[in-house]
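Residue strings, one per chain:
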Amino acid sequence: MFKAKILFIGPSESGKTVLANFLSDTTEYVGAEYRPTQGVRILEFESQPEGSGDSTTCEVELWDCSGDLKFETCWPAVMKDASGVVIIFNPDVPSHLKEIETWHSIFIASQGFQDNQCLLIAHQKPGSGVEDGRLPLASHLSRLLLIHSNLEEDPEDVSQAFCRYLGNVVNTMSESREREEMSIIT
């Protein structure tokens, strides 16, 4: 069984905790007022990744990271042994489109993640006016898979998209493990 460490990162108030709770079937203070995450929350659950070659279950450690820059000194420890990175942002907030470039630079580009280990989620909060249309993303971000999240209208779509992403991560982990084993043999 694979164990995947997935980082949920992005600007403050983008919906990281709401998505983390939803995907892990955790129902902490759903619908409550906004409470910023302090540092990081780690949620553990099992999932069946789609398209991972076999129908095994994957243990997921979902690291719901604060969007507050005051925790920047903790990021190297948070990044250690990560299997994948999900950048979550609110498309209703224009500054988030610029901020996610910084998150990409720090967490993805500097760590050498492959595109299939990364996911962008444009999380639409209740009452959002943003359509699922094309967002003006920087070229390095437009290579990443982007999903629009609306938990009020399409919760199952979000869950399925995350399982497909998790399948990509597990496939990458499997290929890496096979390469490592072959290098030991030869």
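What you see is a predicted model; the values in this text were computed from it and never measured. (Residues numbered from 1 in each chain as written. Predicted model: local features only at pLDDT ≥ 70, side-chain atom pairs only at ≥ 80, totals over all residues. Heavy atoms only, no water.)

*Asks:* How do you make sense of the sheet that holds strand β4 (residues 84-89) when you look at a structure like this?
*Replies:* Backbone-to-backbone hydrogen bonds join strands into a sheet, with any given pair of strands oriented parallel or antiparallel. If you trace the six strands from one edge of the open sheet to the other, you get β2-β3-β1-β4-β5-β6, paired in mixed fashion. Looking at strand neighbours, the two that pair on one side only are β2 (40-47) and β6 (145-149), the edges of this open sheet. Strand-to-strand twist in this sheet, taken as the mean axis angle between neighbours without regard to direction, amounts to 25 degrees. Two elements, β4 and strand β5 (residues 118-123), share five bridges in a ladder whose sense is parallel. In the strand pairing of β5, Phe89 is matched with Ala122. Each of β1 (3-9), β2, β3 (58-65), β4, β5 and β6 touches helix α1 (residues 16-23); the most contacted strand, β2, lies at about 30 degrees to it. (Pairing = 2+ DSSP bridges. Helix = DSSP H or I, 4+ residues; strand = E, 2+ residues; numbered from the N terminus. Axes fitted to C-alpha atoms, helices over the stretch in contact; angles between N-to-C directions. Contact = heavy atoms within 4.5 Å.)

*Asks:* Could you clarify how one ought to interpret α1 in this entry?
*Replies:* Residues spaced three or four apart along an α-helix point in a common direction, a consequence of the helix completing one turn every 3.6 residues. Of all the eight residues making up α1, six are buried; the element is thus mostly covered by neighbouring parts of the structure. If you check which residues of α1 are buried, you get Lys16, Thr17, Leu19, Ala20, Asn21 and Leu23. Among the residues trailing α1, Asp25 stands out with phi positive, at a value near 60 degrees. (Buried < 20%, exposed > 50% of the residue type's maximum accessible area, 1.4 Å probe, protein only.)

*Asks:* Sorry, what's going on with the packing of aromatic side chains here?
*Replies:* Under the defined criterion, the tally for this structure stands at five aromatic pairs. Between the aromatic rings of Trp75 and Trp103, the centroid separation amounts to 5.0 Å while the plane-to-plane angle is 50 degrees, which identifies the pairing as tilted. Of this pair, Trp75 sits in helix α2 (residues 75-79) while Trp103 sits in helix α3 (residues 94-107), and the two are 28 residues apart along the sequence. The class of Trp103 is buried, set by a relative accessible area of 4%. Here the aromatic cluster, defined as three or more aromatic residues joined through ring pairs, consists of Phe8, Phe162 and Tyr165. A cation sits over an aromatic face here: Lys5 above Trp63, 3.8 Å from the ring centre. (Phe/Tyr/Trp six-rings, centres within 6.5 Å; stacked < 30°, edge-to-face > 60°. Lys NZ or Arg CZ within 6 Å of the ring centre and 35° of its normal.)

*Asks:* How should the pattern of salt bridges be read in this particular structure?
*Replies:* Any two side chains of opposite charge can pair if their charged atoms end up close together. This structure, assessed with the given rule, holds six salt bridges. Residue Lys3 pairs with Glu61 through a salt bridge whose shortest N-O separation is 3.4 Å. Of this pair, Lys3 sits in strand β1 while Glu61 sits in strand β3, placing them 58 residues apart in sequence. One salt bridge connects Glu101 with Lys98, and the closest N-O pair in it is separated by 3.6 Å. Placement of the pair is Glu101 and Lys98 together in helix α3, with a separation of three residues, close to one helical turn. Lys98 gets classed as exposed once you look at its relative accessible area, which sits at 56%. Salt bridges sharing common partners tie together Lys3, Glu44 and Glu61. (Salt bridge = Lys/Arg side-chain N within 4 Å of Asp/Glu carboxyl O.)

*Asks:* When you look at the environment of Glu180 in this model, what are you seeing that I'm missing?
*Replies:* Within the secondary structure, Glu180 sits in helix α5 (residues 155-185). The spacing of Glu180 and Asn168 is twelve residues in sequence and 18 Å in space, taken between C-alpha atoms.

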